Amino acid sequence: SDLLQGSLGDIEAKGTGSVDRSGSLPVLVAAFELNKLPVDRFFPPAPQQARREWSNVPLPLGWARAAELAVDVTAASALWRDVAYEDVVLGVRSRDGTLNIGPARARAFGGEVDGTVTVGPGAAPMVNASVALTNVDLEGVPMLPWAVVPVSGHATLRADFTSQGANERELAANAAGTLTL
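These figures come from a predicted structure and were not determined experimentally.

Examining the overall build of the chain
And then number 1: Within the chain, the secondary structure is distributed over three helices and eleven strands.
And then number 2: Starting at the N terminus and walking to the C terminus, you meet the elements of the chain as β-β-β-β-α-α-β-β-β-β-β-β-α-β.
And then number 3: Out of the 181 residues belonging to the chain, those deemed buried represent 25%.
And then number 4: Within the chain, contacts between residues at least 6 apart in sequence are counted, and of these 43% link residues at least 24 apart.
And then number 5: Summed over all atoms, the accessible surface of the chain reaches about 12000 Å², with 59% contributed by carbon and sulfur.

Given below as structure tokens:
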């Protein structure tokens, strides 16, 4: 692995990385430490519009299946979908067509966020996801479109679900799981 260091505007990064192209798929191994990860700057949130249905566009997973990945990222802060996160830890693994995202951990909403997602191989992959929000301040959580009453206090929420599908519509139709508050 070679030491990598650089900056892009106000984003400072350092870490290691290597690519092995000797097998049937390239193998990318990397570990990066960032001072900030402004996801919204590179992938702006979609305009707030009422969504009438789930998309039937195939899931964009080609990038995860074109290589084997072992990537770890830490960031002092991140901004994603207008939500600020601190002490971010993110691992991304891809092997034999299976994508694993996690651990994904951060401090947000006055509490902790922790999650994992596994997307299996194939055109209609099996998806397993788990997310926990621990001791979050409900006043800091963005209002959901269906929330009509302001809330306050702290809560812990855990959601675990599985599904299978080639697109958002199939994943939504086949979703099953639990939500614990």
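Here's the deal with a nonpolar patch on the surface
And then number 1: On the surface, Leu8, Phe42 and Phe43 cluster together into a nonpolar patch covering about 360 Å² of accessible area.
And then number 2: Tracing the backbone through its elements, the reader meets phenylalanine 43 in the loop between α1 (39-42) and α2 (62-65).
And then number 3: Judged by relative accessible area, which is 62%, phenylalanine 43 ranks as exposed.

Considerations on the pattern of salt bridges
And then number 1: As enumerated under the stated definition, the model contains eight salt bridges in all.
And then number 2: The residue glutamate 68 makes a salt bridge to arginine 95 at a minimum N-O spacing of 3.0 Å. Here glutamate 68, found in strand β5 (residues 68-80), pairs with arginine 95, found in strand β6 (residues 83-95); they are 27 residues apart in sequence, far enough to count as distant.
And then number 3: Its relative accessible area of 16% is what places glutamate 68 among the buried residues.
And then number 4: For arginine 93, the salt bridge is made with aspartate 72, and the minimal N-O distance between the two is 3.0 Å. Within this pair, whereas arginine 93 is found in strand β6, its partner aspartate 72 is found in strand β5, the two being separated by 21 residues in sequence.
And then number 5: Look at aspartate 72 and you get partly exposed, because its relative accessible area is 33%.
And then number 6: Through salt bridges with shared partners, one network takes in Asp10, Lys36 and Arg41.

Here's the deal with the nonpolar core
And then number 1: Core analysis: the biggest nonpolar cluster contains 24 residues, and Tyr85, Val88, Leu99 and Phe109 have the highest contact counts within it.
And then number 2: Counting only elements with at least two residues in this core, the list comes to β3 (27-34), β5, β6, β7 (98-108), β8 (111-119) and β9 (126-137).
And then number 3: Here the element with the most residues in this core is β5; it accounts for five residues.
And then number 4: Sequence-distant contacts of valine 88, defined by excluding residues within four places in its chain, comprise Val73, Thr74, Ala75, Ser77, Ala78, Arg105 and Ala106.

With respect to the pairing of β8
Remark: a regular strand shows side chains that alternate across the two faces of the sheet.
And then number 1: Relative to β8, β7 is paired through eight bridges, and the arrangement is antiparallel. Residue arginine 107 lies in a different strand from β8, and its bridge partner there is glutamate 112.
And then number 2: Here β7 folds back onto β8 in antiparallel fashion, the turn holding two residues, of which phenylalanine 109 has a positive phi close to 55°.
And then number 3: Where β8 meets β9, eight bridges bridge the pair, whose relative direction is antiparallel. Of the residues in β9, the one forming a bridge with glycine 115 is valine 131.

Describing the environment of arginine 41
And then number 1: In this fold, arginine 41 is placed in helix α1.
And then number 2: Accessibility expressed as a relative area gives 45% for arginine 41, which makes it partly exposed.
And then number 3: Linking arginine 41 and arginine 81, residues 40 residues apart in sequence, is a C-alpha distance of 9.9 Å.
And then number 4: One polar contact links arginine 41 to aspartate 10, side chain to side chain, over a distance of 2.9 Å.

What counts and what doesn't
Residues numbered from 1 in each chain as written. Predicted model: local features only at pLDDT ≥ 70, side-chain atom pairs only at ≥ 80, totals over all residues. Heavy atoms only, no water. Helix = DSSP H or I, 4+ residues; strand = E, 2+ residues; numbered from the N terminus. Buried < 20%, exposed > 50% of the residue type's maximum accessible area, 1.4 Å probe, protein only. Contact = heavy atoms within 4.5 Å. Areas by Shrake-Rupley, 256 points an atom, 1.4 Å probe, with all protein chains shown as cover. Patch = residues over 30% accessible without salt bridge, like charges linked within 9 Å, V, L, I, M, F, W, Y side chains within 5 Å. Salt bridge = Lys/Arg side-chain N within 4 Å of Asp/Glu carboxyl O. Core = buried A, V, L, I, M, F, W, Y, C linked by side-chain atoms within 4.5 Å. Pairing = 2+ DSSP bridges. Polar contact = N/O pair within 3.5 Å; in protein donor to acceptor, adjacent residues only side chain to side chain.

Scope: geometric values only; no functional claims are made or implied.
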